[in-house]
Amino acid sequence: MKKTILGMGACTVLMVSCGPKSTAVTGPKYTASEQLVQGKTIFENSCSRCHKLPDPAKHDDQGWIKTLSRMAPKAKLNNEQHQMVYDYLISVNKK
């Protein structure tokens, strides 16, 4: 019985530390400057609450998909906000 309880506790810790993942973004969607500006604003305001803002050049397109799928739920971004942040980050990388 003791082993089962400890094992269940370890699984709970693992699930909490990994957290939920979002699969809202699979590639670029927004290209209008208004939406990219919104993405930049969301990125700056949401991400800086918990940590220093990463350099957009830190990841390529696929790297940002992976990173944002992990971070968007923590930042409480809805699917549209998640997409706008992604599109902003990859647009900056392409310049």
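Within every chain, residues take consecutive numbers counted from 1 along the sequence as written. Reporting of local features is limited, given that this is a predicted model, to residues whose pLDDT is at least 70; pairs of side-chain atoms are given and counted only at 80 or more, and all residues count toward the totals for whole chains, interfaces and linings. Heavy atoms throughout the structure, all of them, feed into the side-chain values; hydrogens and water do not.

### Some points on the overall build of the protein chain
Heads up, the condition is: Helix numbers and strand numbers start at the N terminus; a helix is a DSSP run of H or I with at least 4 residues, a strand a run of E with at least 2. Classification of residues uses two cut-offs on accessible area relative to the type maximum, computed with a 1.4 Å probe and protein chains only: under 20% is buried, over 50% is exposed, and between them is partly exposed. Residues count as neighbours in contact if any of their non-hydrogen atoms are within 4.5 Å of one another.
Each helix and strand in the protein chain was counted, giving 4 helices and 0 strands. Counted from the first residue to the last, the protein chain has its helices and strands arranged as α-α-α-α. Looking at the protein chain as a whole, 31% of its 95 residues qualify as buried. Residue pairs in contact within the protein chain that sit at least 24 positions apart in sequence constitute 75% of those at least 6 positions apart.

### Considering the packing of aromatic side chains
Note the cut-off: Only rings of Phe, Tyr and Trp enter the pairing, Trp through its six-membered ring, and a pair is recorded when the two centres are within 6.5 Å. The plane angle decides the type: under 30 degrees is stacked, over 60 is edge-to-face, the rest tilted.
Following the criterion strictly, the structure yields 1 aromatic pair and no others. Ring centres of F43 and Y88 lie 5.9 Å apart, and the angle between their planes is 45°; this geometry places the pair in the tilted category. Separated by 45 residues along the polypeptide, F43 in helix 2 (residues 33–47) and Y88 in helix 4 (residues 79–93) bring together distant segments of the chain. Look at Y88 and you get buried, because its relative accessible area is 12%.

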